[in-house]
Each structure stands twice: as structure tokens, then as C-alpha cells.
Amino acid sequence: MSAQVATPIAIDASQPYTEPGPARYDGGTAKSPSGSTLAVNSRYLLRDGKPWLPVVGEFHFSRYPESLWEEEILKMKAAGINVVATYVFWIHHEEIEGQFDWQGRRDLRRFVQLCARHKMYVEVRIGPWDHGEVRNGGFPDWLLKKSVKTRANDPVYLSYVRRWYGQIAEQVKGLLWKDGGPIIAIQLENEYGYRSPGTGEAHILELKKLAVDVGFDVPFYFVTGWDHAVVPAGAVIPVYGGYPDAPWDASTTKLPPSEVYAFRFHSRVASNMGVIGAAAGDGEDTSATAHLPYFTAEIGGGLQNTYHRRLVVHADDIAAMFPVMLGSGVNLYGTYMFQGGENPDGKLSTLQESQATGYPNDLPIKSYDFQAPLSEFGEERESFRKMKVFQYFLNDFGDYLAPMVVHAPDRQPDNPRDLSVPRAAVRSRGDSGFIFFNNHVRNYEMPARAATQFEVRLPQGILRVPNHPIDIPTGSYFIWPFNLHAGGVNIRYSTAQLFTRIAREGEDTLYFVAIPGLPVEFAFDSNTVKSLRSTSGDASRDQGILVVSGLKPGVDSSIDALDAKGGKVHLVVLTRTEAEDAWKVELGGNSAGIGASQHLLITAQDFFADPGGGQERILLRSRGSADFAFTITPPVDSTPQGSLPVMRGEATPQSARFTADAGARNPELRYTLVQPASEAPPVKLGPPPGWRSQGVAEAPGPDDPPYAGRWSIEVPPDSLQGLSNIYMEVTYQGDLARLDASKTLLTDNFYNGQTWSIGLREFLASNAHSFGLTIMPLRRDAPVYFELQHAPAFGSNGQAAGIERMRLVPEYQLVLTDGGASRSGKTKTSDRQRNTSDGR
């Protein structure tokens, strides 16, 4: 129920709009052979002279099987990612001095070529030091044994860096932007804050010179900008980040609220991002950012658990950062990680960060799942869908948002720990813009905001949103448009979030998403509306404003308006679940894709699409259920062809529903206890690094200790037949678990109370059907932080190690190869469209 007395959130956006100036930056070749250009000004990027707001996702190619790269790239593209960022870890390619390995999962060139095939831009993070939770931050062991000063202008060190950079440049030769390739940017070093003689700006400038000398002529040269980083003015562009928690923190208790949920009006620097080997700092960034845009590279797409901090990240923890970062002025949104993975096998050692190698944290030996939107085994997590809602918005309206400037509310929280004050921002250009709001903070319950109304002071007067005060629930976060021009109609505001656009035969459909717990309301300037019809809700007019309130969201829920000149405007409001399940597809064309039209395909199944050189192949995957269901809007005339029989169900003028059945499979898993767990010794603390006041728990070494429990597992040889994958779900209690085949470690897991899901496709393809599972006991007194829903069942010895449940979960696949003949795309009036106004 709406409250009656307004509690306004006042934001002054009345200042005259200022155009961006030139960027203080000297980049490389900006024009491709086709004549396309990339540029940057003081506020945003430009592509072919128009504002561009890219969406970047991190995918470490050497941490993923090369046979599956293409699928994962296509999944990222389906979610709205258009730039793939990747580290090139030195130790992955030259573990033995002078022996370079660019084969298999280390084949950088093939990875970049696959990105190019699917029209994805690429940013290559070339180090030489990367971090990325890799052994030595990516430095090979042999380099550290040399008498050189690393990360400095030591001539011997630089000679090795030149050779390393030259190797990377040779691998991507012909794939740079200037050559018509996808590589538009490189990142030099990482988290670099040294300022002693032979380091500092001089070192970053030397690295850039080396990169250019070996052939890296690219439009954009990036460096990370947090923790008082070194940013030579004019030579590089700093990129920033932030994470919902800090797995590197030494604490074994819940941390205070992360600043990533509070708008950054005064600093681009995250206060919770530490550096390795240099003093960390927070507060105002002092680099030359006055004439550079706000770009990010590491907004956390999840968190990689460390041995001493076992965190559980929820999808809203990730998605709630979008309105905060965008409302703070971010004009390049970079997620780290977007794709999980696992460390490759080393030739001389394991390749994870560890305290044994002098680094501050112990990481899993193999797994780098990161709780990312795409898991270590390619599962599309809930965060994948929630992020997609914002990323589609940026794909379709980023050019509109990018030039807009940030305005802070009159009243702001004192600090990120202050949960009492509502968190909001506006970005605007003239009288048009967006309201950004966040009422979600990880691990903390924000108060509901009673009787809330936004009061935005614009050049032409005060705008109040919504028409009457509303109560905003705890956990809400959203972006609302105001004075959005749709054709000739001015949408004065909407309390549904702008989602995406579908263009069909000269008529655009704008899709919005309803915010759970909030009423849907649209306001229009009456003088821009000739007539209006909505499928539900009530229409009223007052003082030149036409308001449609109480609109019931759903794929068949819409508003149709004619502007003053008779132009059509079609608005659809989806539920949040529908928007999270909606994917853009091209349907109805010939074998070359000619004549295809845009649609949304709405499904709860995992989704990606492959253009395949012409007609689009749509792949749906379902874990655990053989039943497929999907909706296409606008509808198609005929039933799509598929790898399974597809049945047409209910159809409306707005949508058509379809189902398919793959036939249920019930593969049996056999497992046997081979060795019961015995008593584990107390957990030791490692030495504290210089920047951290205390040591943290040390993980067991790579060899399984004698006190670990051991199980043998048998998977039926034909279990993968007819499936796209099969997952082994392990619900267990213990300290950590490892899966192996013939004593070769395949993957591992630090226990955090969640079911461990392991995709077996890669392992079964190697003819491995017999596996071993090791679980090490968890001690009650372990100095480890957990976020468990239920306490482990500790035995009388104060330890826990056992399997609660283990099963095989089949993943079924439906491939759609033809969307059928598309409808004309002309909007028909449904008999359910009942509310009408002439707009005058």
C-alpha cells in the first residue's frame, strides 16, 4: 500500500549541461582498415564518433578447456558482454625458461580469433605481473631466482619483459584493431603503486614503450587505478573496481558493509581492494583523472574463496552494484570474473597463489570458480541472468547514458556503514536522465524506505517520481528513466526499469522490467500523446500529464501510444523473472540469416545462440529436468524446428509458447567409502605479510594427508550419451574436498556449505569413469570464517568429514535451428486492451 506523506529524496540536476572536453591521453592507432574509429574524451568512449558504453567480462582462456571456449564466448555474448578481457599469465606460457607453450588451452591466438568470429572486442592484460590469484602473480619461478629487481626498470628484468611481450605480440599478430582485428586495448602491469627509484611512473612508461616497440599499437592502454596506483598522466587510462567482500582480509568475522553499495561521488577508488607487495591506501585517487572518464575493470562478478574466508555470494550482491556504479558515473563496466575456470596443470609445480610461495592467501589448487556468473563448468548462475538485465540496457541505451553527468542527492550517507540514509543518484543531460537507487547491502538488512518520492530539480522545473509516495522494500535496487523520448512520445518517468529494445519493420518496442514490490507507473507529457491504450491499470490526466498506474506486468502487458504525428510507440513491461529469462534472438530468416527479425525468447533453461555463418542456432540446456519450455515475443507464425519435437502451446497477440520433452534419464552413481577420515591436526597460521597485521590459516599441501577421508566413485560409461553434460553434485561437510582420476587432481573445493557441482563432460571425454574423492576433516576450532546456513555436524572429536548426498544430474539440450516465419511485427489491438485516452 502506498504511503501518504512524502519523504522526498531531493537531487539537484538543474545545472546547465557541460559538454565533455578532450581526454588527457595519448593512445595508439584509432582507425581500423574498414574506417571504423575508436576514441575517448573526458567523459566517455566514442565508436565511429558516437558515444559508446562497453560491457567487459573477464575470461581467462588458459583456465578453461580450449574445446569449450567458443560456447562460453557465446554465453557471454548472449548476456550482453561485448568486450572479453583476459590475462596472459607468464608462468602459464614460460614455466621453464626459454620454453614457450602456446598450445591447447594456452593458445591465445585461437582464443582471440574465436572472439573475433563472434564480433567480440578483446582487451589483453599482458602483465608482466598480473596477480589473478596465480602463483607468483604470474611470474615464473625461474625469473624470481635471477638476480634482478622485478617490477622496476632493472635492465635485466626489462630484457626478459621485452622477450615476454614480444612472444605475446607474435601470437596476436594481425589481430589488433589497426589490422582489422578485435584487440582494442591492453593493460600494463596490475595494482602497481611503487614509487621508489627505478619504479613509479618511469616504470609504467617503460612498459608502455616496450609494448609499443614489439608491436602493441592499440587505441587504449590501461592500468589499474586503485590504492594510490601509479598513473602517468597522458600515457595511460586508469581503470577501477570493487568487490562485495574481501576474501583477502585477515578477519575471521563478518566485515563492515562494503563501499561498492554506496555511490562514489567523491572517489573512484574502492576502499576494500588491497595490493600485493605495496602499501594499500584508500580515499581520493590522486592520478590525473580530471580529464579522463570513469572506467572499471574489476567490479566483482563473484568472489574467489580463500582458505581462511569461505564466502557465499548471492546474485543480488552482484547485480545491486550496477545502479551504484553506473549512477556514480562509470562509462565502461568491467566484471571480474565473468567466467570461472580452473588452473592448468603445471610442469614443475601447482599454479595457484599460496602462502608457501610468499603470497598472503591460500587458494584452491585447481578451482578458480570465483562464484562467477558462468561457473567453472559453464553453468549459467542466477547472477548471469540478473546482470544480463542491466547489460542489455547498456547495449541498447548506453550511448544515451554515457554523456550524462552525475548529480548527488542533497542528503548522503556519512560513510558506507551508514544504512539509515537512502542511497540514490541521478545522471542527466538537460531534462532527460535516470534515477539510480540501491537499498541492498550484502550481509546487512537495509531498512524499507517508507513514503519515498524522488524530487529531481531539472533546468525546466521540479520532477517528482512517482506521482504519489511509495514504500520501497529492503533489498530493492533499480534504474528509472525520466523524460525518455520514445518516438515522438515523451515518457515523463517510469517506475519500471528500462530493459531493452526490439526493432521490427521500422517500429521499436521498448521493454521495461517491473521492480518486485513496487507498483508500475508510467507518466507521459499529454501534448506528445495523441492516443493511448494499455492492457491493464488506470489512466488519468492532470495538468498536462497522463499517468498510467497499476499496470500488471507480464509478457502480454503493454502500452500502445500514438504520438502527435501518428507515430506508434509500443511499451511492454515484463516481470523481473521474465526479464531475467529473456534473450535476444534473430528468427525467421533464410539460411544466410537474411530476412530475420528480432525477438525475445523467454526461458528458464540455460541459453546461448550461435549464428553459425548465417541462420541462428539457439541452444537451450536444462539441468535435472527433461522438460523444456519457452516463449517467443513477438510471436512467430510457425513452430520452430528443433533437435527434439517442439509442441506449440498457448498463443496471444503478444507471445507464443512452446514445449519439448527430452525424455528423462536417471544415471546411477556408485560410491564407496575406502578410508574413513581420522583426526586432523590443529590448523596453523601463516606469517603476516607486510601490509596485513596478522597471519591467516594455512591450507593443507598438495598431497592428501593420511587423516583425509577417501571414497571411490564409478560413473556409468554411457552416462553422457544423449546429454550435453552430466553434473556430479556433492553435498558434504569437511574442510576441503578434491576430485581426482588415477591420482591426477581434476578439481577441488573449499567447503562453504554449498553443494559442490562438478561438470563431468571434460573428464568423461578423456575416458575417465572411475574417480576418487578426498575430504579433509573440518575442525571446530579452525580459524576460518564461514557464512553457513547450518552448522556442521561435528563429532565427539570436534571434527566433521562426510558426504550427506552425492548424485548425478543430467543436462539435456534442445537446439532450435529455425524460428519459423516471423509475424509482420505490426501491433494488433487485443481485446484485453481496455484503457484508452486521447492524450489531450
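Residues numbered from 1 in each chain as written. Predicted model: local features only at pLDDT ≥ 70, side-chain atom pairs only at ≥ 80, totals over all residues. Heavy atoms only, no water.

Peer 1: Just checking my understanding: could you explain the overall build of the protein chain for this structure?
Peer 2: Tallying secondary structure elements over the protein chain gives eleven helices and 50 strands in all. Per-residue burial for the protein chain yields a buried fraction of 62% across its 840 residues. Partitioning the intrachain contacts of the protein chain with sequence separation of at least 6 by distance along the chain shows that 74% fall at a separation of at least 24. Approximately 30500 Å² of the protein chain is accessible, and the part contributed by carbon and sulfur atoms is 48%. Here the protein chain carries 81 positive and 95 negative side-chain charges, and the mean point of each set is 3 Å from the other. (Helix = DSSP H or I, 4+ residues; strand = E, 2+ residues; numbered from the N terminus. Buried < 20%, exposed > 50% of the residue type's maximum accessible area, 1.4 Å probe, protein only. Contact = heavy atoms within 4.5 Å. Areas by Shrake-Rupley, 256 points an atom, 1.4 Å probe, with all protein chains shown as cover. Lys, Arg positive; Asp, Glu negative; His and termini not counted. Charge placed at Lys NZ, Arg CZ, Asp CG, Glu CD.)

Peer 1: How should the nonpolar core be read in this particular structure?
Peer 2: If you look at soluble globular proteins, the nonpolar side chains tend to sit buried side by side. Counting 236 residues, the largest nonpolar core has F512, F522, F524, M728, F771 and L773 as its most contacted members. Formed by 22 residues, the second largest nonpolar core is a distinct cluster that contains I9, I11, F478 and I515. (Core = buried A, V, L, I, M, F, W, Y, C linked by side-chain atoms within 4.5 Å.)

Peer 1: What exactly am I supposed to notice about the packing of aromatic side chains here?
Peer 2: Given two aromatic rings, one states the distance between the centres and the angle between the planes to describe the pair. Under the definition given, this model contains 48 aromatic pairs. Judged by centre distance (5.4 Å) and plane angle (80°), the rings of F393 and F434 are edge-to-face. Taken together, the residues span a long stretch of sequence, with F393 in helix α9 (residues 382-401) and F434 in strand β18 (residues 432-438) at a distance of 41 residues. For the pair formed by F393 and F434, the shared burial category is buried. (Phe/Tyr/Trp six-rings, centres within 6.5 Å; stacked < 30°, edge-to-face > 60°.)

Peer 1: Looking at this structure, how should I read the packing of helix α5 (residues 155-171) against helix α6 (residues 200-213)?
Peer 2: Packed helix pairs are characterised by how far apart their axes lie and by the angle those axes make with each other. Axis separation between α5 and α6 bottoms out at 9 Å; the angle between their running directions is 40°. One finds that α5 runs oblique with respect to α6. The interaxial crossing formed by α5 with α6 has right-handed handedness. Contact residues: α5 offers Y157, L158, V161, R162 and Y165, while α6 offers H203, E206, L207, L210, A211 and D213. Split into classes, the residues belonging to the contact of α5 with α6 amount to seven nonpolar, one polar and three charged. (Axes fitted to C-alpha atoms, helices over the stretch in contact; angles between N-to-C directions. Parallel < 35°, antiparallel > 145°, perpendicular 65-115°, else oblique. Left-handed = near helix turned anticlockwise from the far one by under 90°. Nonpolar A, V, L, I, M, F, W, Y, C, P; charged D, E, K, R; others polar.)

Peer 1: Explain the side chain of Q799 here, please?
Peer 2: Topologically, Q799 is positioned in strand β48 (residues 799-800). Beyond its immediate stretch of four places on either side in the chain, Q799 contacts S678, E679, A680, P777, L778, R779, A793 and F794.

Peer 1: Just checking my understanding: could you explain the pattern of salt bridges for this structure?
Peer 2: Per the counting criterion, the structure on display carries 46 salt bridges. Of the charged contacts, one joins R106 and D101 as a salt bridge, the two residues approaching to 4.0 Å between their closest N and O atoms. Assigned by exposure class, R106 and D101 land together as buried. Notably, a salt bridge pairs K386 with D316, separated by 3.5 Å at the nearest N-O pair. You can see K386 sitting in helix α9 and its partner D316 sitting in helix α7 (residues 315-319), a full 70 residues away along the chain. Accessibility expressed as a relative area gives 7% for K386, which makes it buried. Counted as one network, the salt bridges with shared partners bring together E379, R385, D581, D606, R623 and E811. (Salt bridge = Lys/Arg side-chain N within 4 Å of Asp/Glu carboxyl O.)

Peer 1: Honestly, the confidence of the model for the protein chain in this entry has me stumped. Any pointers?
Peer 2: Close inspection of predicted coordinates is inappropriate for parts of the model with low pLDDT. Averaged over every residue, the pLDDT of the protein chain is 93; residues scoring 70 or more account for 94%. Under a pLDDT of 50 for its full length, residues 278-284 has, in the predicted model, 14 contacts with residues more than four places off or in other chains. Segment residues 819-840 is flagged for pLDDT under 50; beyond a separation of four residues in sequence, or across chains, it makes 71 contacts in the model. (pLDDT = per-residue confidence, 0-100.)

Peer 1: Which parts of the structure should I look at to understand the pairing of strand β38 (residues 656-661)?
Peer 2: If a strand is regular, its side chains alternate between the two faces of the sheet. Burial of β38 is one-sided: the residues A656, F658 and A660 facing one way are buried, the residues R657, T659 and D661 facing the other way are not. Counted between consecutive antiparallel strands, the loop separating strand β37 (residues 646-651) from β38 contains four residues. (Pairing = 2+ DSSP bridges.)

Peer 1: Looking at this structure, how should I read the pairing of strand β27 (residues 538-542)?
Peer 2: For β27 and strand β28 (residues 545-549), the ladder comprises five bridges, and the chain directions are antiparallel. Bridge pairing in β28 places D542 opposite I545. Between the end of β27 and the start of β28, which pair antiparallel, lie two residues, with Q543 showing a positive phi angle near 50°.

Peer 1: Is there a simple way to think about helix α3 (residues 108-117) in this case?
Peer 2: Side chains that are three or four residues apart share a direction in an α-helix, a result of its 3.6 residues per turn. Among the residues of α3, L108, F111, V112, L114 and C115 are the ones counted as buried. Buried residues in α3, looked at end-on, bunch into an arc of 155°, giving them a common side. Tucked inside the fold, the buried residues of α3 contact α1 (69-78), β6 (83-87), β7 (121-127), α5 and β8 (183-188). Positive phi shows up at K119, right after α3, with a value of about 60°. (Arc of directions from axis to C-beta.)

Peer 1: Mind showing me how you'd approach the sheet that holds strand β35 (residues 627-633) here?
Peer 2: By definition, the strands of a sheet pair up through backbone hydrogen bonds, in either a parallel or an antiparallel sense. The five strands lie next to each other as β31-β32-β35-β38-β37, forming an open sheet whose pairing is antiparallel. Each edge of the open sheet carries a strand with a single partner, namely β31 (582-587) and β37. Strand-to-strand twist across the sheet, computed as the mean angle between neighbouring axes with direction ignored, equals 30°. Across the sheet, α9 touches β31 and β32 (597-603), and the angle it forms with β31 is around 55°.

Peer 1: I tried to follow the sheet that holds strand β1 (residues 7-12) on my own but got confused; where do I start?
Peer 2: Spatially, three strands are ordered β1-β19-β20 in an open sheet, and the strand pairing comes out mixed. For this open sheet the edge positions go to β1 and β20 (461-472), each flanked by a neighbour on one side alone. In this sheet, neighbouring strand axes are inclined to one another by 20° on average, regardless of whether the strands run parallel or antiparallel. Where strand β19 (residues 449-458) and β20 come together, seven bridges link them in antiparallel fashion. Each bridged residue has a counterpart across the sheet, and for F454 the counterpart in β20 is V465.

Peer 1: Is there a simple way to think about the environment of E342 in this case?
Peer 2: Among the structural elements, E342 can be located in strand β14 (residues 341-342). Taking the C-alpha atoms as reference points, E342 and D369, 27 residues apart in sequence, are found 6.8 Å from one another.

Peer 1: Quick question: what am I supposed to make of unusual backbone geometry here?
Peer 2: Among all residues save glycine, negative phi is the norm, and among peptide bonds the norm is trans. Put simply, G127 and P128 share a cis peptide bond, and its omega is 20°. As for its position among the elements, P128 is in the loop between β7 and α4 (141-144). Look at the link from Y336 to M337: it is a cis peptide, with omega at -15°. With respect to the helices and strands, M337 occurs in the loop between β13 (333-336) and β14. One non-glycine residue, E191, adopts positive backbone phi at about 50°.

Peer 1: For this particular structure, what's the right way to read the packing of α1 against α3?
Peer 2: Look at α1 against α3: their axes get within 10 Å of each other, and the N-to-C directions meet at 40°. Taken as axis vectors, α1 and α3 run oblique relative to one another. For the element pair α1 and α3, the recorded crossing hand is right-handed. Here W69, E70 and I73 of α1 come into contact with α3, specifically with R110, F111, L114, C115 and R117. Class assignment for the residues of the contact of α1 with α3 results in five nonpolar, no polar and three charged.

Peer 1: What am I meant to see in α1 here?
Peer 2: Burial of α1 is extensive: eight of the ten residues sit out of reach of the surface. All buried positions along α1 are accounted for by W69, E71, E72, I73, L74, K75, M76 and A78. G80 sits one or two residues past α1 and shows a positive phi near 100°.

Peer 1: Could you clarify how one ought to interpret the side chain of D560 in this entry?
Peer 2: Assignment of secondary structure puts D560 in strand β29 (residues 558-563). There is no salt bridge for the buried D560, and the closest opposite charge comes from R533, which lies 8.1 Å off by N-O distance. Side-chain polar atoms of D560 contact the side chain of H570, separated by 2.5 Å. (Polar contact = N/O pair within 3.5 Å; in protein donor to acceptor, adjacent residues only side chain to side chain.)

Peer 1: Honestly, the environment of K347 in this entry has me stumped. Any pointers?
Peer 2: Tracing the sequence through the fold places K347 in the loop between β14 and β15 (367-368). With sequence-adjacent residues up to four places away left out, K347 is seen in contact with E95, I96, D101 and R106. Within polar-contact distance, the side chain of K347 engages the side chain of D101 at 3.1 Å.

Peer 1: Hey, could you run me through the environment of G433 in this one?
Peer 2: On the secondary structure map, G433 appears in strand β18. Residue classification places G433 among the buried residues on the basis of a relative accessible area of 1%. Contact partners of G433, with chain neighbours within four places excluded, come to Y400, M404, R427, S428, W480, P481 and F482.

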